[in-house]
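Inside the fold
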Number of protein chains: 2
Amino acid sequence: MDVDQRQSQPVAIAGDVRRRPFQEISRASSFGGQQLTLIHDSAATGTPMRVSVYQPPAAERGAVPVVYFLSGLTCTEENFTVKAGAQRMASELGLMIVAPDTSPRGDRVPNSDDDALGQGAGFYVDSTEAPWSDHFQMFSYVSDELPRLIECTFPVIRGKCGILGHSMGGHGALTIAMRHPERYGSVSAFSPIVAPSAVPWGRKAFAAYLGPDEAAWREYDATLLLRDRGFPTQILIDQGTDDPFLQTQLQTERFIDALKARGQSAKVRMQAGYDHSYFFVATFIDDHLRHHAHILHQGSGG
Amino acid sequence: MDVDQRQSQPVAIAGDVRRRPFQEISRASSFGGQQLTLIHDSAATGTPMRVSVYQPPAAERGAVPVVYFLSGLTCTEENFTVKAGAQRMASELGLMIVAPDTSPRGDRVPNSDDDALGQGAGFYVDSTEAPWSDHFQMFSYVSDELPRLIECTFPVIRGKCGILGHSMGGHGALTIAMRHPERYGSVSAFSPIVAPSAVPWGRKAFAAYLGPDEAAWREYDATLLLRDRGFPTQILIDQGTDDPFLQTQLQTERFIDALKARGQSAKVRMQAGYDHSYFFVATFIDDHLRHHAHILHQGSGG
């Protein structure tokens, strides 16, 4: 019997979610820690938002670093949680992992038939355009509201955290980290959309969410942000060479060129034979968690 | 973008599936090996059957041991494949993993509204009763037809393999191994249904598939088989203490009593705080794969 968490209904708040922003939907022991699925009313999106939280055993003894994982198009908070196998290494390293849903959802939330626009495709931007702008405020949600709620609920080290993501979530992780290096100590990505202003998925979404003036897109384009700002610590990227989206939607070489132009500390690994799936993410997730733990533990003196 | 493999259509046979029983539905690199989803026409069930195969890197250099994983109620070949995180350790140990679907499926195949009967609930028996007996021949499929097809297609060490499973699949693994110790060198289970003749899930399914005469059920009841036959090597079982099915459907203590009565070599671990989910399976899958590799490598002189 395998239980689909998406079909579960919210239940009463558990006693040990210490303060009240989150309702607990499910909880399971995992590698000595706890895998939680939570829901809360988001002020940023104006909707209920689901979040997956892995609490490692070390969090029972004191504050731990936290890393945020952002998923890609069509995903929810569940894909990474059940498919990436991240809990084993997070348990070992003493990292909390927080994985939010990829967009606001619900009957009141606009949608589209296109996988790259609407529910499941928030692109981690703050929309300025009707009908999206009422709810599609994922940049503020992920970079501001959610970390504040996590910090007042769970035993995490405040102020510095890590962020990583896959595909559209890799775009989210890179742009959020580069715009807020005071909040994020470490960043990495799997198969990221690095140049959304230049590829079909990104251009369609940005035109809808941000309007036709491409000047407004610059703050959400990792390659352009990297040229302007860089990032204080090494950036880690894994990209499969057999990824069917590599040439059309990802165009990793644009980011590599910007890394070189800026002299940014980075490790970009083109992984031969790997595709765009969570089998790829699972294969290299341990390296990413070690990357974050190494930088974040240095930062906290731990 | 996360791709649901169940929605994919079969494509042409890949060149490196060397002989022809299987069609390849999908393939992804995973921990240096290949994660395949295959489909083939089963003579035992009279239907197409899906199978997941993880081929470790060691299989490129020579024959490797193979372990079969049987899933539980409501599952397909995909649940274990994407949720258990087994590929990492299978890659390290050089084990092939084969995970079949849990029943015949299709419009022609009888079904029921009950999760514990019909499609997704084959219970690894050879049905003798209408309308089930035309297709529900999962014991023969898993213990005979599938291993023969795997052995003529993939570089596996012939004759001895391991078998493990979860819940209904734990029942399948234990009963198949004890009835065919000449084929299976090692066996283990997560949260197994150990006494189907005595619990609601099992009694309902066995009455439907095997008829009212309980004498016919004995060959499919792990606790009764253990009392009669035992198994030549140590049996490993992990069971969560917070499993909601423990008291009603699993009743592990019946099997423990039989282990003691027989003096069977076994390790039964009651894992405090763990439930019935794949988070539980993922936490302890490494130990199970090591258990199988240890016994199977001894058996092959490797």
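Remember, predicted model here, so these are calculated numbers, not experimental data.

A separate point is the overall build of chain A. When you go through chain A residue by residue, the secondary structure sums to 9 helices and 9 strands. Since a compact globule built from 302 residues should have a radius of gyration of about 19 Å, the 18 Å found for chain A is in line with a globular shape. Its C-alpha atoms give chain A principal-axis dimensions of about 50 × 45 × 40 Å. Sorting the 302 residues of chain A into buried and exposed places 64% on the buried side. Partitioning the contacts of chain A with sequence separation of at least 6, the portion at a separation of at least 24 is 70%. Carbon and sulfur atoms form 48% of the exposed surface of chain A, whose accessible area is close to 10,700 Å². Charged side chains of chain A number 27 positive and 34 negative; the gap between the two group centres comes to 6 Å.

Attention now moves to the UniProt feature "active site" (unreviewed entry) in chain A. All names here are of chain A. Look at the UniProt record and you will see "active site" (unreviewed entry) annotated at Ser 167, Asp 243 and His 276. In sequence the annotated residues extend across 110 residues, while in space they remain close, none of their C-alpha pairs exceeding 10.7 Å. By relative accessible area, which is 0% here, Ser 167 ends up buried. Relative to the elements of secondary structure, His 276 occurs in the loop between β9 (266-271) and α9 (278-299).

Before going further, it helps to spend a moment on the relation of the copies chain A and chain B. Least-squares fitting of chain A to chain B yields an RMSD of 0.0 Å, with the superposition described by an axial translation of 0.0 Å and a rotation of 180 degrees. The relationship between the two copies is best expressed as a two-fold rotation axis. Taken as a fraction of all interface residues of chain A, those also at the interface in chain B reach 100%, which identifies the copy contact as same-surface.

Let us look at the packing of helix α3 (residues 138-151) of chain B against helix α4 (residues 168-179) of chain B. Residues and elements named next belong to chain B. For the pair α3 and α4, interaxial distance at closest approach is 11 Å and the crossing angle is 60 degrees. By the angle between their directions, the pair α3 and α4 is classed as oblique. Between α3 and α4 the crossing geometry is right-handed. On α4, the residues that touch Phe 139, Val 142 and Ser 143 of α3 are Thr 175, Ile 176 and Arg 179. Residues belonging to the contact of α3 with α4 are distributed by class as follows: 3 nonpolar, 2 polar and 1 charged.

Our focus in this paragraph is the pairing of strand β4 (residues 66-70) of chain B. Residue and element names in this part refer to chain B. Counted residue by residue, β4 has 5 buried out of 5 residues, so it is predominantly covered. Judged by which residues are buried, β4 turns out to be covered on both faces: Val 66, Tyr 68 and Leu 70 on one side and Val 67 and Phe 69 on the other are all buried. Where β4 meets strand β6 (residues 161-166), 4 bridges bridge the pair, whose relative direction is parallel. Bridging across to β6, Phe 69 finds its partner in Leu 164.

The subject of this paragraph is the sheet that holds strand β9 (residues 266-271) of chain B. Residues and elements named next belong to chain B. If you trace the 9 strands from one edge of the open sheet to the other, you get β1-β2-β3-β5-β4-β6-β7-β8-β9, paired in mixed fashion. Pairing within the sheet leaves two strands with one partner each, and these edge strands are β1 (23-30) and β9. Neighbour-to-neighbour, the strand axes of this sheet turn through a mean angle of 15 degrees, independent of strand direction. Along the sheet, helix α8 (residues 252-262) contacts β8 (235-240) and β9; its crossing angle with β9, the most-contacted strand, is approximately 155 degrees.

Attention shifts here to the packing of aromatic side chains. This model, assessed by the stated rule, comprises 28 aromatic pairs over all chains. For the ring pair B:Tyr274 and B:Phe280, a centre distance of 5.8 Å and an interplane angle of 40 degrees mean the geometry is tilted. For B:Phe280, a relative accessible area of 0% corresponds to the buried category. When the centroid spacing of 5.1 Å and the interplanar angle of 70 degrees are considered together, the rings of B:Tyr274 and B:Phe284 count as edge-to-face. Residue B:Tyr274 is located in the loop between β9 and α9 (278-299), and its partner B:Phe284 is located in helix α9; the two are separated by 10 residues in the primary sequence. Take B:Tyr274 and B:Phe284: they sit in the same class, and that class is buried. Here the aromatic residues A:Phe123, A:Phe139, A:Phe206, A:Trp217 and A:Tyr220 are joined through ring pairs into a cluster of three or more. The lysine or arginine in question, A:Arg179, covers the ring of A:Tyr220, its NZ or CZ lying 4.9 Å from the ring centre.

Position of A:Phe22 among the secondary structure elements: in the segment before β1 (23-30). Taking the C-alpha atoms as reference points, A:Phe22 and A:Gly211, 189 residues apart in sequence, are found 33 Å from one another.

A few words on unusual backbone geometry. Residue and element names in this part refer to chain A. Residue Ala 130 is joined to Pro 131 through a cis peptide bond whose omega torsion reads 0 degrees. Within the secondary structure, Pro 131 sits in the loop between β5 (96-100) and α3 (138-151). A positive phi angle, near 60 degrees, is found at Phe 123, a position not held by glycine. Residue Phe 123 is classed as buried on the basis of its relative accessible area, which comes to 0%. Here the phi dihedral of Ser 191 falls at roughly 45 degrees; this positive angle occurs in a residue that is not glycine.

Right, let's get into α3(B). Residues and elements named next belong to chain B. Between its first and last C-alpha, α3 extends 18 Å over 14 residues, near the 20 Å set by a 1.5 Å rise per residue. Of all the bends in α3, the largest measures some 35 degrees and sits at Glu 145, one to four residues before the proline Pro 147. Every buried residue belonging to α3 is among Met 138, Phe 139, Tyr 141, Val 142, Ser 143, Glu 145, Leu 146, Pro 147, Leu 149, Ile 150 and Glu 151, and all of these are buried.

To continue, consider the pairing of strand β2 (residues 33-41) of chain A. All names here are of chain A. Burial of β2 is extensive: 8 of the 9 residues sit out of reach of the surface. Across 7 bridges, the pairing between β1 and β2 is antiparallel. Its bridge partner lying in β2, Ser 30 is registered against Gly 33. The hairpin turn running from β1 into β2, its antiparallel successor, is 2 residues long, and Phe 31 in that turn takes a positive phi close to 50 degrees. If you look at the hairpin formed by β2 and strand β3 (residues 48-55), you'll find 6 residues sitting between the two strands, and Gly 46 has a positive phi there, around 70 degrees.

Cut-offs applied
Residues numbered from 1 in each chain as written. Chains lettered and ligands numbered in written order. Predicted model: local features only at pLDDT ≥ 70, side-chain atom pairs only at ≥ 80, totals over all residues. Heavy atoms only, no water. Helix = DSSP H or I, 4+ residues; strand = E, 2+ residues; numbered from the N terminus. Rg over C-alpha atoms; globule rule 2.2 N^0.38 Å. Buried < 20%, exposed > 50% of the residue type's maximum accessible area, 1.4 Å probe, protein only. Contact = heavy atoms within 4.5 Å. Areas by Shrake-Rupley, 256 points an atom, 1.4 Å probe, with all protein chains shown as cover. Lys, Arg positive; Asp, Glu negative; His and termini not counted. Charge placed at Lys NZ, Arg CZ, Asp CG, Glu CD. UniProt positions renumbered as here; feature names shortened; annotations may be inferred. Least-squares fit on C-alpha atoms with pLDDT ≥ 70 in both. Axes fitted to C-alpha atoms, helices over the stretch in contact; angles between N-to-C directions. Parallel < 35°, antiparallel > 145°, perpendicular 65-115°, else oblique. Left-handed = near helix turned anticlockwise from the far one by under 90°. Nonpolar A, V, L, I, M, F, W, Y, C, P; charged D, E, K, R; others polar. Pairing = 2+ DSSP bridges. Phe/Tyr/Trp six-rings, centres within 6.5 Å; stacked < 30°, edge-to-face > 60°. Lys NZ or Arg CZ within 6 Å of the ring centre and 35° of its normal. Expected span 1.5 Å × (residues − 1). Bend = angle between axes of the 7 residues up to and from the residue.

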